[in-house]
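Chain residues, written in single-letter form:
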Amino acid sequence: MLDNLYQFKKELNQRGIFFCFSGPLSQELLVEIGDTLRNQMKQEEASSSTILKVFSVFVEQAQNVIHYSAEKILLDSPDKATLSSGIIVVGYEGQHYYVLCGNLIDNEVVDTLREQLTKLQQMNKEELKRYYKEQRKKEAPESSKGAGLGFIELARHSITPIEFEFQQVDNNFSFFSLKTAI
Amino acid sequence: MDTWKIEATKYTPAIYFDAANNVLSIKGESYPENVDQISKPLFTGITSYFAQATPDQHLTVNIELTYFNSSSSKMLLDLFDRLEEAAAQGEKITVNWIYEADNDTAEEFGVEFKEDLEALTFNLVKN
């Protein structure tokens, strides 16, 4: 592993990846990572509008991992907090920043998610705006831990249709990855 | 009516109600994991304001959020729905949506909120 680590770093650099995290994620950690990313992009002289959009996409995707990752540990704390595991990657390619996140999900939600994301992929900006406003007026779906708007918001920020993939891990779980380019 | 305040954290805005001037301000960034931690005290404060407001009172709501996540966006819509309803019933309310000139996302959100409001005075204020 020691000698492979440098190889791994070189690979990340080649792919334009300047931030990479894998492991248990919490809201506190998300805040610190978000601040670091904003500082880094400021150094790279990204416009404040771009920095805000990348930050916003990062927050939505990271909070998706926190809320929906099937790889969760219940902490032995009075507030029954959980730690959810996932992967977060932020990079720069072809003149654009991108955020790529992945986490385990239950096999049984794959079809619904695929359907939902495919629908968003096919909408243009105007349709996405209308759909966002329509969904915002509704009560959040029961399965949602936020407002059920996260994916639509990502699709609205994305300069290309959002990309996603599901890879079956075993009889119970699949790995879900989602990429947004800004 | 009492003045009250919720201090800002790294990911929740400062919320301040100035009872002497009837000004409610919400300022900062909003991306908590669970939006209830700010929406509950905010809506309780608003309900108690309308319960005690006299007919000549005019409420000003200044919102200056540089960034908010999607569940906070839902909370803002609920807030504007509540204020729209009160305005339709004759309450005097002005909302100022304040954003920095280079924050096109905040501007766009303001425009989209404004589109669906009728009774409520909603001003887009560029800083």
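Reference entry: report on the structure contained in this document. Since the structure is predicted, the reported quantities are computational estimates derived from the model, not experimental observations.

1. Focus on unusual backbone geometry
Note: most peptide bonds trans; most residues except glycine with negative phi.
Part 1: At E45(A), a residue that is not glycine, the phi angle is positive and equals roughly 60 degrees.
Part 2: On the secondary structure map, E45(A) appears in the loop between α2 (27-43) and α3 (48-68).
Part 3: By the C-beta count within 10 Å, which is 8 here, E45(A) ends up exposed.
Part 4: Even without glycine at this site, N22(B) takes up a positive phi of about 55 degrees.
Part 5: Relative to the helices and strands, N22(B) resides in the loop between β2 (14-18) and β3 (23-30).
Part 6: The class of N22(B) is partly exposed, set by 17 C-beta atoms lying within 10 Å.

2. A word on the packing of helix α5 (residues 125-137) of chain A against helix α6 (residues 150-157) of chain A
To characterise two packed helices, one gives the angle between the axes of the helices and the distance between these axes.
Residues and elements named next belong to chain A.
Part 1: Following both chains from N to C, one finds α5 and α6 inclined at 155 degrees, their axes separated by 10 Å at the closest point. One way to sum up the angle between α5 and α6 is to call them roughly antiparallel. Every pair of crossing elements has a handedness; the one defined by α5 and α6 is left-handed. Residue-level contacts link L128, K129, Y131, Y132 and Q135 of α5 to I152, A155 and R156 of α6.
Part 2: Classifying every residue of the contact of α5 with α6 gives 5 nonpolar, 1 polar and 2 charged.

3. Some points on the packing of α3(A) against α6(A)
Residue and element names in this part refer to chain A.
Part 1: Closest axis-to-axis distance for the α3/α6 pair is 10 Å, and the angle between their directions is 150 degrees. Viewed along their axes, α3 and α6 adopt a mutual orientation that is roughly antiparallel. Two packed elements cross with a definite hand, and for α3 against α6 that hand is left-handed. On the side of α3, the interface is formed by K53, S56, V57, E60, Q61, Q63 and N64, while α6 contributes G150, E153, L154 and H157.
Part 2: Of the residues assigned to the contact of α3 with α6, the class counts are 2 nonpolar, 6 polar and 3 charged.

4. Comments concerning the environment of K9(A)
Part 1: Along the chain, K9(A) falls in helix α1 (residues 2-14).
Part 2: Taking the C-alpha atoms as reference points, K9(A) and C20(A), separated by 11 residues in sequence, lie 9.9 Å from one another.

5. Quick word on the pairing of strand β4 (residues 96-106) of chain A
Residue and element names in this part refer to chain A.
Part 1: Here strand β3 (residues 82-93) runs beside β4; their pairing, made up of 7 bridges, is antiparallel. Each bridged residue has a counterpart across the sheet, and for Y92 the counterpart in β4 is Y97.
Part 2: Where β3 folds back on β4, the antiparallel hairpin that results is connected by 2 residues, among which G94 adopts a positive phi of roughly 50 degrees.
Part 3: In the sheet, β4 pairs with strand β6 (residues 173-181) via 9 bridges, with the strands oriented antiparallel. By the bridge assignment for β6, Y98 is matched with A181.

6. Some details on the interface of chain A and chain B
Part 1: In this assembly, 19 residues from chain A lie in contact with 16 residues from chain B.
Part 2: Secondary-structure elements contributing two or more residues to the side of chain A that touches chain B are α2, α3, α5 and α6 of chain A.
Part 3: Of the residues forming the side of chain A that touches chain B, the biggest block, 10 residues, is contributed by α3(A).

7. A closer look at the pairing of β3(B)
Residues and elements named next belong to chain B.
Part 1: In this structure, β2 lies alongside β3, joined through 5 bridges in antiparallel fashion. Bridging from a neighbouring strand, A14 pairs with K27 of β3.
Part 2: With antiparallel pairing between neighbouring strands as the criterion, β2 and β3 make up a hairpin whose turn holds 4 residues, including N22 at a positive phi of roughly 55 degrees.
Part 3: Pairing geometry for β3 and strand β4 (residues 58-68), over 8 bridges, is parallel. Pairing of E29 across the sheet is with Y67, part of β4.

Analysis parameters
- Residues numbered from 1 in each chain as written.
- Chains lettered and ligands numbered in written order.
- Predicted model: local features only at pLDDT ≥ 70, side-chain atom pairs only at ≥ 80, totals over all residues.
- Helix = DSSP H or I, 4+ residues; strand = E, 2+ residues; numbered from the N terminus.
- Buried ≥ 20, exposed ≤ 12 C-beta atoms within 10 Å, placed from the backbone.
- Axes fitted to C-alpha atoms, helices over the stretch in contact; angles between N-to-C directions.
- Parallel < 35°, antiparallel > 145°, perpendicular 65-115°, else oblique.
- Left-handed = near helix turned anticlockwise from the far one by under 90°.
- Contact = placed C-beta atoms within 7 Å.
- Nonpolar A, V, L, I, M, F, W, Y, C, P; charged D, E, K, R; others polar.
- Pairing = 2+ DSSP bridges.

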